[in-house]
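Listed below are the residues making up each chain.
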Amino acid sequence: MSTGMESAANFAGSLGGLVLMSIGQTLVVVCLCCDMVRALSVPRSHRRYVASTIFRTLAIPSILVMGVSVLEDAIFLSWTDLVMGVFVMVAIIFRWHHDKDEDNWWKGKGKKLARWARKQFAAPPVLAPSAA
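This report concerns the structure included in the present document. (Residues numbered from 1 in each chain as written. Predicted model: local features only at pLDDT ≥ 70, side-chain atom pairs only at ≥ 80, totals over all residues. Heavy atoms only, no water.)

1. Re the nonpolar core
- One finds Val28, Cys31, Cys34, Phe55, Leu58, Ala59, Ile63, Val65, Met66, Met89, Ile92 and Trp96 forming the largest nonpolar core, which totals 12 residues.
- Broken down by secondary-structure element, the contributors of at least two residues to this core are helix H2 (15-40), helix H3 (46-75) and helix H4 (79-98).
- Ranked by the residues each element gives to this core, the list is headed by H3, at 6 residues.
- Ignoring sequence-local partners within four residues, the contact set of alanine 59 consists of Cys31, Ile92 and Trp96. (Core = buried A, V, L, I, M, F, W, Y, C linked by side-chain atoms within 4.5 Å. Buried < 20%, exposed > 50% of the residue type's maximum accessible area, 1.4 Å probe, protein only. Helix = DSSP H or I, 4+ residues; strand = E, 2+ residues; numbered from the N terminus. Contact = heavy atoms within 4.5 Å.)

Here it is, written out as C-alpha cells:
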C-alpha cells in the first residue's frame, strides 16, 4: 500500500473517520427513504413535493458519500461491500436522472441561480472620468 492509501486507511479506522462515515451513511439512508416516499405518494401531492425536494437536495451529497465509501472498501479489499456500495451509488444516480418531470423546489431554480451568480461575480461597473 502506498503512503496515501495507508493514511486514508488510518483515517477511515479512526474515531473521526467512523463518525463522518456514519453521518454520511445516515444521509444516504434519508435520501433513499425520501425517494421511496416519492415513488409511493400520490402525484402532485404535497407529500410527494416535499419528498422529491429532499431527494433532489440530498442526491449529490449521497453520491459523493457512496463514492468515498466505495474507495474505502477498495482500500480495505472488501469486495462484497464494494459491490454493494457501487450498486447503491448507481441506484441513486439512476433515480436522480430518471424522474426529471417531478415538481420540486429546485424546478426552475437553475436559471434564477445562474442569473444571481452572474450578478454577484460580475466585475463592478467602471466609471470613466468625464472629459472636461
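2. Focus: the environment of aspartate 103
- Mapped onto the elements, aspartate 103 comes out in the loop between H4 and helix H5 (109-121).
- Sequence spacing of aspartate 103 and serine 52 is 51 residues, and the spatial spacing of their C-alpha atoms is 7.4 Å.
- Ignoring sequence-local partners within four residues, the contact set of aspartate 103 consists of Tyr49 and Ser52.

3. A closer look at a positive patch on the surface
- Residues Lys111, Lys112, Arg115, Arg118 and Lys119 make up a contiguous surface patch of positive charge.
- Examined against the element boundaries, arginine 118 turns out to sit in helix H5. (Patch = residues over 30% accessible without salt bridge, like charges linked within 9 Å, V, L, I, M, F, W, Y side chains within 5 Å. Areas by Shrake-Rupley, 256 points an atom, 1.4 Å probe, with all protein chains shown as cover. Salt bridge = Lys/Arg side-chain N within 4 Å of Asp/Glu carboxyl O. Lys, Arg positive; Asp, Glu negative; His and termini not counted. Charge placed at Lys NZ, Arg CZ, Asp CG, Glu CD.)

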